[in-house]
Each structure stands twice: as structure tokens, then as C-alpha cells.
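Examining the three-dimensional arrangement
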Amino acid sequence: MIEIDPKLAAAFENQIAVELGNAIAYLSAYSALRALGWEGFSKKMKNEAFDEFGHAQNFTKYLARRGMAWEAKEIVAPEAAESNPAALAELAYNLEAATESVMRDLVTAAQDAKDESAVEYVAGKLVEQEKMTKQAWDFAQRVKDAAGEIGALVILDRQLENKGW
Ligand SMILES: [Fe+2]
């Protein structure tokens, strides 16, 4: 087992903190949308929150396999300026884009450390993250398009409620 370089370890800890911050932000968005009666949108946000917790767990598991315990960093949970489906879908996209950027730093840290196992692992995670960022962008556009017409927004909310997300 090769010990993890300190800078790379710090980048992993930062990534875990970001994933956990996302989980809190999504859970907060869930509450805000639920309070407004948007069942489908809130359900999607809740599922995203659990996905984010899973992402933090994946990195934790990888570090455990490498024999590294990580230290908790301060967790920042970004908030939306407004509580409505379009603003919270935009927040979701912003979270995913920021996560992708942090993950690129993690890939660079792994490359700098010449840690092949970590490079392979985080490069795979980055590919997944790029897909999530794109999906969040597409979703934000759909909500923005629907937001101009209350009927369209209600239909989208129902679709999300019935989808097994
Ligand atoms: Fe994530």
C-alpha cells in the first residue's frame, strides 16, 4: 500500500467536504420546495441529497482501502437567493459545476503526486461528475423554460413526482 501524499490527502478531504455540503444544500432545497407544495421538485432534491452523501461515502471508502483516515473540514452549504423551482434548479447546476471544478483540482493533485491508483480512481469519478453537471444544466433549462407558465411547471412537478428518481 502506497501512502497518500499530504497535498493529495488534503484535496480528497476538500472533495468530501464539498460533497457533504452539496448534500446539505440539496436537503435544504428539498425542504424549501416541499414547504411550497412542489412535491416532484422536492422529491428530486431529496434524492440528489442522498446521491451526494453517497459520493462522499465513495471517496471515504476509497481512502479506507488505501488505509487513510480523513479529517473533517468545515462544510459550506451554498444557498439559493430565492425559493422557487427555477432558482433551486439553477442552484443545483451551480453546485454540480463547482463540484466538477474541485474534482479537477483533485485529479491534478493525484497527477502531481504521481499516485497512479488515485489518478485512475478520481479520473473515473470526474467522468461521472461531468455527466451529472450536464444533467443538472439540462434540468435547469427545462425548469426555466417551464417557469414562464404555471401549468407547464405543475406538469413537470407531477412528472418528477411519478418518476422513480
Ligand atoms: Fe456529488
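In short, a report on the structure. (Residues numbered from 1 in each chain as written. Predicted model: local features only at pLDDT ≥ 70, side-chain atom pairs only at ≥ 80, totals over all residues.)

Observations concerning helix α5 (residues 150–162)
Taking 1.5 Å of rise per residue, 13 residues should cover 18 Å, and α5 covers 19 Å from first to last C-alpha, within 8% of that figure. Listing the buried residues of α5 in full gives Leu153, Leu156, Asp157 and Leu160. One face of α5 carries all of its buried residues, which in axial projection span an arc of 105°. Opposite the buried face of α5, at more than 90 degrees from it, the exposed residues are Gly151, Arg158, Gln159 and Asn162. Among the structural elements, α2 (39–65), α3 (85–112) and α4 (116–147) are those in contact with the buried residues of α5. (Helix = DSSP H or I, 4+ residues; strand = E, 2+ residues; numbered from the N terminus. Expected span 1.5 Å × (residues − 1). Buried ≥ 20, exposed ≤ 12 C-beta atoms within 10 Å, placed from the backbone. Arc of directions from axis to C-beta. Contact = placed C-beta atoms within 7 Å.)

Here we look at α2
Here α2 spans 39 Å end to end across 27 residues, near enough to the 39 Å set by a 1.5 Å rise per residue. Within α2 the residues assigned to the buried category are Gly40, Phe41, Ser42, Lys44, Met45, Glu48, Glu52, His55, Ala56 and Phe59. Of the surrounding elements, those touching the buried residues of α2 are α1 (6–35), α3 and α5. Trailing α2 by a residue or two, glycine 67 shows a phi angle of about 80°, which is positive.

Points about the nonpolar core
With 41 residues, the main nonpolar core has Leu8, Ala29, Leu33, Leu88, Ala89 and Ala92 as its most contacted residues. Listed by contribution, the elements that provide at least two residues to this core are α1, α2, α3, α4 and α5. With 13 residues, the single largest contributor to this core is α1. Residue contacts for leucine 8: discarding those within four places in its chain leaves Ala109, Ala110, Ala113, Asp115 and Ala118. (Core = buried A, V, L, I, M, F, W, Y, C linked by C-beta atoms within 7 Å.)

Considerations on the environment of leucine 36
Tracing the sequence through the fold places leucine 36 in the loop between α1 and α2. Accessibility expressed as a C-beta count within 10 Å gives 14 for leucine 36, which makes it partly exposed.

Here's the deal with the environment of alanine 110
Relative to the helices and strands, alanine 110 resides in helix α3. We classify alanine 110 as buried; it has 24 C-beta atoms within 10 Å. Between the alpha carbons of alanine 110 and leucine 27 there is a distance of 31 Å; along the sequence they are 83 residues apart. Apart from residues lying up to four places away in sequence, alanine 110 is in contact with Leu8, Asp115, Ala118, Val119 and Val122.

So, to be careful, I would describe these as geometric facts and stop short of saying anything about function.
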